[in-house]
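These are the residues of each chain, in order.
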Amino acid sequence: MMSLVAALDYPLDLAPTTAPKPRLRVVLLGCGTVNSGVLAGLEDMPGQVEIAAIVTRRPRNESEGAYAWLTDLTAAFDTGPDLVIDALPDCAAAEKALALAVERGVHVISANKAVIARRPDLEAKARRAGLGFAYSAAVGGGVPVLETVARLKASGETITRVRGVLNGTSNFVLGLLEKGIGFDDAIAAAQAAGFAEEDPSADLDGLDAAAKLALIARAAFDIAPDPYAIPADSLFDLSVGQILGARENGLRYRQVAELSVQAEGVIATVRLQALPEDHALARVENEENAVEIDCASGTRLVLNGKGAGQTPTAGSVLSDVRALLANGGAG
């Protein structure tokens, strides 16, 4: 009988013949609270990603790490990235960077809700080009708001209302105001905890929540409202006395962002509301977010989790990175 090996007219090679997948070359835009956490996570994926460059506002010494630290956006894109991860604050540089990424055919993952909300054309152009354009971290931090909306729609549900506490910074500040702490000290505490920017006005004036509503509206209702046209209340419209008075009467003020389907269309608002203390949106503490999603079928989902801070936000960014990798680096 002829042996198996002798019958083969080619070498028997049990080693895999599939070439290893190329690593994604990544440019990080910013390396503050969020992207420093993202960087740590990417370092745990050495076979899947490589850091092409890190862009910061101020020059960094190359000795600070094994990466190219750059201050020039064009130079960063000239390193040939496949993916840009944006954790910059709302600024002209962030908008320029995302536009340049789409123009050059680079995937985008962003936590920058303000730029994405006011530039729906960037996402549309990226989708047409087959690019990844993900921003899970832009809404809800570690709360999977956009992901849940997408799953509901894919299952055939019709969403009729989304209502929630979407800004962890304002909620953190309100919690301190309830204890009789003044605005200045409460804001300073939020900044020290890493929840508030140097300029916290977007959070406290409701602009941040309005931008998040615009992104939810895009996902839930396929519309792109102007975030600046969404009516929004400012925390500064309240006094500490009002907040304490409400607390004594079993109520808690919350910055409530809401989208609802009405006869005239989808209505979006960001309002300060005194809610019963046992309400799902009143029970959230510190930087937590809570979101209620109602469907025409009668289904209601309530999501809770950390809405601000490095761990939840960086975790959402890394989740988008893993999804891109699982899709073979395609959009």
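Residues numbered from 1 in each chain as written. Predicted model: local features only at pLDDT ≥ 70, side-chain atom pairs only at ≥ 80, totals over all residues. Heavy atoms only, no water.

Our focus in this paragraph is the sheet that holds strand 8 (residues 251–262). Backbone hydrogen bonds hold the strands of a sheet together, and the pairing may be parallel or antiparallel. A sheet is described by the order of its strands in space; here five strands give the open sequence 9-8-7-10-11, paired in antiparallel fashion. In the strand order of this sheet, the two ends are held by strand 9 (265–276) and strand 11 (300–306), each with one partner. Going from strand to strand, the sheet's axes swing by 15° on average, the running direction of each strand aside. Lying on the sheet, helix 8 (residues 168–177) is in contact with strand 7 (159–165), strand 8 and strand 10 (288–295); it crosses strand 8 at an angle near 150°. (Pairing = 2+ DSSP bridges. Helix = DSSP H or I, 4+ residues; strand = E, 2+ residues; numbered from the N terminus. Axes fitted to C-alpha atoms, helices over the stretch in contact; angles between N-to-C directions. Contact = heavy atoms within 4.5 Å.)

The next thing to look at is the sheet that holds strand 1 (residues 24–29). In spatial order, the strands read 3-2-1-4-5-6; together these six strands make up an open sheet with parallel pairing. Sheet topology places strand 3 (69–70) and strand 6 (133–134) at the edges, where each strand pairs with a single neighbour.

Moving on: the pattern of salt bridges. One side chain can pair with another of opposite charge once the charged atoms of both are near each other. Applying the stated criterion to the full structure yields 25 salt bridges. Its salt-bridge partner being arginine 23, residue glutamate 50 comes within 4.0 Å of it at the nearest N-O pair. In this pair, glutamate 50 is assigned in strand 2 (residues 49–55) and arginine 23 in the loop between helix 1 (4–7) and strand 1, connecting sequence segments 27 residues apart. According to the relative accessible area criterion, arginine 23 is partly exposed, its value standing at 38%. A salt bridge links glutamate 258 to arginine 161; its shortest N-O distance comes to 3.6 Å. Of this pair, glutamate 258 sits in strand 8 while arginine 161 sits in strand 7; the two residues are 97 residues apart in sequence, bridging distant segments of the chain. (Salt bridge = Lys/Arg side-chain N within 4 Å of Asp/Glu carboxyl O. Buried < 20%, exposed > 50% of the residue type's maximum accessible area, 1.4 Å probe, protein only.)

The geometry of helix 4 (residues 92–103) relative to helix 6 (residues 120–128) is characterised by a closest axis approach of 9 Å and an angle of 20° between their N-to-C directions. Of the possible angle classes, the one that applies to helix 4 and helix 6 is roughly parallel. Between helix 4 and helix 6 lies a crossing of left-handed hand. Here helix 4 contributes Leu98, Ala99 and Val102 to the contact with helix 6, which in turn contributes Leu122, Lys125 and Ala126. (Parallel < 35°, antiparallel > 145°, perpendicular 65-115°, else oblique. Left-handed = near helix turned anticlockwise from the far one by under 90°.)

This prediction gives the chain a mean pLDDT of 90; 91% of its residues lie at or above 70. Here residues 1–19 is a poorly scored stretch, pLDDT under 50, and it has one contact once near neighbours within four places are set aside; other chains count. (pLDDT = per-residue confidence, 0-100.)

This part covers the layout of surface pockets. Roughly 440 Å³ of volume is contained in the second largest pocket. Lining the second largest pocket are 20 residues, with Arg127, Phe133, Ala134, Tyr135 and Asp320 positioned closest to its centre. Listed by contribution, the elements that provide at least two residues to the lining of the second largest pocket are strand 5 (107–110), helix 6, strand 6, helix 7 (145–154), helix 11 (207–221) and helix 13 (310–326). For the lining of the second largest pocket, the per-class residue count stands at 11 nonpolar, four polar and five charged. (1 Å grid on protein atoms, 1.4 Å probe; cavity = no way out; pocket = protein on both sides within 12 Å on 5 of 7 lines; lining within 4 Å. Points joined across faces, edges and corners; volume = space filled by probe spheres on them. Nonpolar A, V, L, I, M, F, W, Y, C, P; charged D, E, K, R; others polar.)

Right, let's talk about the pairing of strand 11 for a bit. Sheet analysis places strand 10 next to strand 11, joined by seven bridges and oriented antiparallel. Residue pairing across strands places asparagine 289 opposite glycine 305, the latter belonging to strand 11.

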